[in-house]
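# Fold and geometry: a report
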Amino acid sequence: MATITMSEARAQLAALLDRVEAGEEITITRHGRAVARLSPPRGARTPRTDYLFAAADAVAVEMEASRHRALPEPPQGADADALVRALRDDRDAW
């Protein structure tokens, strides 16, 4: 991350914005103290964020589909542990 004084930032604003657009973060100082940071907008997406959003969308689709599937019938005379195992087996089959 680059650091630049406020007076330098004023004189080089267009060039600084080009650097930020390229992904760099720049700290602006006044009297030696950091007072601002220029960074790309949070909405800027990278391949990793695109992948994560796609994965989240896939989970949402699966959750919605599961709302419309009937739960499996529990085995007769089964205890709670057997019921949980049956639910997990059904879940893992997907």
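As a starting point, this report considers the structure included with it. (Residues numbered from 1 in each chain as written. Predicted model: local features only at pLDDT ≥ 70, side-chain atom pairs only at ≥ 80, totals over all residues. Heavy atoms only, no water.)

### Considering the overall build of the chain
What counts, and what does not: Labels follow the DSSP assignment, with helices taken as runs of H or I lasting at least four residues and strands as runs of E lasting at least two, numbered in each case from the N terminus. Each radius of gyration reported is based on C-alpha atoms, and the globular scaling rule is 2.2 Å times the count of residues to the power 0.38. Only heavy atoms enter the contact rule, under which two residues are in contact if any of them lie within 4.5 Å. For the area figures, the Shrake-Rupley method with a 1.4 Å probe applies, and any residue is considered shielded solely by the protein chains shown. Lys and Arg are tallied as positive, Asp and Glu as negative. Neither His nor the chain termini are counted. Charge positions are represented by NZ for Lys, CZ for Arg, CG for Asp and CD for Glu.
From N to C terminus, the chain includes four helices and three strands. When the helices and strands of the chain are read in sequence order from the N terminus, they spell out β-α-α-β-β-α-α. Against the 2.2 N^0.38 benchmark of 12 Å for 94 residues, the chain shows a C-alpha radius of gyration of 27 Å, more extended than a compact globule. Projecting the C-alpha coordinates of the chain onto the three principal axes gives extents of approximately 80 × 25 × 15 Å. For the chain, restricting intrachain contacts to residue pairs at least 6 apart in sequence, the fraction spanning at least 24 positions comes to 24%. When the accessible surface of the chain is summed, it comes to about 7,900 Å², and 56% of that surface belongs to carbon and sulfur atoms. One finds the centroid of the 13 positive side-chain charges in the chain at a distance of 11 Å from the centroid of its 15 negative side-chain charges.

### Overview of unusual backbone geometry
In this model, His-31 sits at a positive phi of 55°, which is unusual for a non-glycine residue. The residue His-31 is located in the loop between strand S2 (26-30) and strand S3 (33-38) in this model.

### Comments concerning the nonpolar core
Stated formally: We define the nonpolar core as a collection of buried residues of types Ala, Val, Leu, Ile, Met, Phe, Trp, Tyr and Cys that are connected through side-chain atoms lying within 4.5 Å of one another. Only protein chains enter the accessibility calculation, which uses a 1.4 Å probe; a residue is then buried when its area is under 20% of its type maximum, exposed when over 50%, and partly exposed in between.
Core analysis: the biggest nonpolar cluster contains seven residues, these being Ala-2, Ile-4, Ala-9, Leu-16, Val-20, Ile-26 and Ile-28. If you list the elements that add at least two residues to this core, you get strand S1 (2-5), helix H2 (13-21) and S2. Aside from chain neighbours lying at most four places away, what touches Val-20 is Ile-26, Leu-38, Ser-39 and Pro-40.

### Examining the pattern of salt bridges
Quick note on the threshold: The working definition used for a salt bridge is a side-chain nitrogen of Lys or Arg within 4 Å of a carboxyl oxygen of Asp or Glu.
Under the criterion given, the structure shown has four salt bridges. Across the salt bridge formed by Glu-64 and Arg-67, the nearest N and O atoms sit 3.1 Å from each other. The class of Arg-67 is exposed, set by a relative accessible area of 64%.

### Topic: the side chain of Thr-29
Considering the arrangement of structural elements, one finds Thr-29 in strand S2. Not counting residues within four places of it along the chain, the set of residues in contact with Thr-29 comprises Thr-3, Ile-4, Thr-5, Met-6, Ala-34 and Val-35.

### Quick word on the sheet that holds S3
Applied cut-off: Pairing between strands is defined by DSSP: at least two bridges between the two strands are required. In this analysis, axes come from line fits to C-alpha atoms, helices being fitted only over the stretch in contact, and the angle between any two N-to-C directions falls in the range 0 to 180 degrees.
With mixed pairing, the three strands of this open sheet are ordered in space as S1-S2-S3. Since the sheet does not close on itself, it has two edges, and those belong to S1 and S3, each with one partner. Put simply, the sheet's adjacent strands are angled 30° from each other on average, direction ignored. In this sheet, S3 lies alongside S2 in antiparallel orientation, the contact comprising five bridges. Along S3, the bridge assignment pairs Ile-26 with Leu-38. Lying on the sheet, H2 is in contact with S1, S2 and S3; it crosses S2 at an angle near 145°.

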